[in-house]
Structure formats: C-alpha cells, structure tokens
Amino acid sequence: MNLIDALDIRLLELTTTGFKAEMLLSDFHAQPQGYLNGGATLAFAEISAGMASTKLVSPDAFAVGTTVEGHHLTAIKAKGKIFAVADLLHQSKHRHLWDIRILDQKEQIVCKVLVENAILKVQN
C-alpha cells in the first residue's frame, strides 16, 4: 500500500489554475486525543499538489515536493473528510507553487499550506 491509499486521498478536480482534492478521515489520521494529526494534513497538501503538478506536465516529467509550509488554524476531530482547494500561484518549466486551503465539511479553514514542487524528467 502506498501513502496516497493509506491516507485515502482523491484528486477530484483539476484545471490549469487549480485543483480540489479530498481526504477521508479515520482513526488512522488522528492524534491520540482524536484530533486530526497535523502531519497527515501536511502530507495531504503535499501529495495533492504533487498529483496535480504531475498531471499538468508532459508525460516524461513528474513533480516532487521541495517545500511545504503549513499553518494549522483550527483543530478538528479526525472524522468525515477534509478538502484541499488550491490555486496555482506560479508555473514554470522547473517549478510549481501551490496556495492550498484545507477546509472541513462546513468549508471552514483548517490549515493554510504553500507547496513548492520541482519538476523533474523521468530517468530511464
């Protein structure tokens, strides 16, 4: 099983300027007190941004995260699902910068994340 499957992440929508993804929450995503683990939230943001960037580049390239900066704003229980709603702030041949809002099911902000991806060529 890979981390995308373990975290239960789905990329729902992708445009040339943004994306929306969801992560279904369970006890797997929780701290011992039952709240959403901040590491799971940041992994969600980075993985979603990487999936989106990889879909936006040529088939002989892929994205890897280089920088993740997160600000956890609201503590929520690890139940239901959360959404990543992102805007592509910068796109060049070698870099993508995503501005991501992590929202709960009521569309309230849980976390604000910036993710920078490097675009690499597939090595044969």
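Just so we're clear, the structure is a prediction, and the values are computed from it rather than from any experiment.

Draft legend 1. Here's a closer look at the side chain of Asp104. Within the secondary structure layout, Asp104 lies in the loop between β5 (95-103) and β6 (109-121). One buried charged residue, Asp104, forms no salt bridge at all, with the nearest opposite charge on Lys106 at 6.4 Å. A polar contact of 2.9 Å, which involves the side chain of Asp104, links it to the backbone nitrogen of Lys106. Those residues in contact with Asp104 that sit more than four places away from it in its chain are Ile76, Lys81, Ile82, Phe83 and Val110.

Draft legend 2. Representation of the environment of His94. Structurally, His94 can be placed in the loop between β4 (81-91) and β5. Separated by 31 residues in the primary sequence, His94 and Ala63 have C-alpha atoms spaced 9.1 Å apart. Ignoring anything within four residues of it in the chain, the contact list for His94 reads Asn117, Ala118 and Ile119.

Draft legend 3. Looking closely at the pairing of β4. Both strand β2 (residues 18-24) and β4 contribute to a ladder of 7 bridges, which runs antiparallel. Looking at β4, one finds that Glu22 is bridged to Phe83. Judged from the 8 bridges that link them, β4 and β5 form a sheet pairing that is antiparallel. For Asp87, the partnering residue across the bridge sits in β5 and is Asp99.

Draft legend 4. Looking closely at the pairing of β6. As paired elements, strand β3 (residues 61-72) and β6 share 11 bridges and run antiparallel to each other. By the bridge assignment, His72 is partnered in β6 with Cys111. Adjacent in sequence and paired antiparallel, β5 and β6 are bridged by 5 residues, among which Glu107 carries a positive phi angle near 65°.

Draft legend 5. Region of the structure containing a nonpolar patch on the surface. Taken together, the side chains of Phe62, Leu120 and Val122 present a nonpolar region at the surface, about 220 Å² in accessible area. Here Leu120 shows up in strand β6. The exposure class assigned to Leu120 is partly exposed, which follows from its relative accessible area of 36%.

Draft legend 6. Structural view of the packing of aromatic side chains. Under the definition given, this model contains 1 aromatic pair. Relative to Trp98, the ring of Phe19 has its centre 4.9 Å away and its plane inclined at 65°; by these criteria the two rings are edge-to-face. Highlighted residues: Phe19 in strand β2 and Trp98 in strand β5, separated in sequence by 79 residues. Taking the relative accessible area as the measure of exposure, Phe19 reaches 4% and is therefore buried. Positioned above the aromatic ring of Phe83 is the side chain of Lys20, whose terminal nitrogen or guanidinium carbon lies 4.9 Å from the ring centre. Sitting above the plane of the Tyr35 ring, Lys77 keeps its charged end 4.4 Å from the centroid.

Draft legend 7. Molecular detail of the nonpolar core. Formed by 26 residues in total, the largest nonpolar core has its most connected members in Phe19, Phe44, Ile82, Trp98, Ile100 and Ile102. The set of elements that each furnish at least two residues to this core consists of β2, α2 (38-56), β4, β5 and β6. When residues in this core are grouped by element, the largest group, 7 residues, is from α2.

Procedures and definitions
Residues numbered from 1 in each chain as written. Predicted model: local features only at pLDDT ≥ 70, side-chain atom pairs only at ≥ 80, totals over all residues. Heavy atoms only, no water. Helix = DSSP H or I, 4+ residues; strand = E, 2+ residues; numbered from the N terminus. Buried < 20%, exposed > 50% of the residue type's maximum accessible area, 1.4 Å probe, protein only. Lys, Arg positive; Asp, Glu negative; His and termini not counted. Salt bridge = Lys/Arg side-chain N within 4 Å of Asp/Glu carboxyl O. Polar contact = N/O pair within 3.5 Å; in protein donor to acceptor, adjacent residues only side chain to side chain. Contact = heavy atoms within 4.5 Å. Pairing = 2+ DSSP bridges. Patch = residues over 30% accessible without salt bridge, like charges linked within 9 Å, V, L, I, M, F, W, Y side chains within 5 Å. Areas by Shrake-Rupley, 256 points an atom, 1.4 Å probe, with all protein chains shown as cover. Phe/Tyr/Trp six-rings, centres within 6.5 Å; stacked < 30°, edge-to-face > 60°. Lys NZ or Arg CZ within 6 Å of the ring centre and 35° of its normal. Core = buried A, V, L, I, M, F, W, Y, C linked by side-chain atoms within 4.5 Å.

As far as function goes, none of this settles anything; it's purely spatial.
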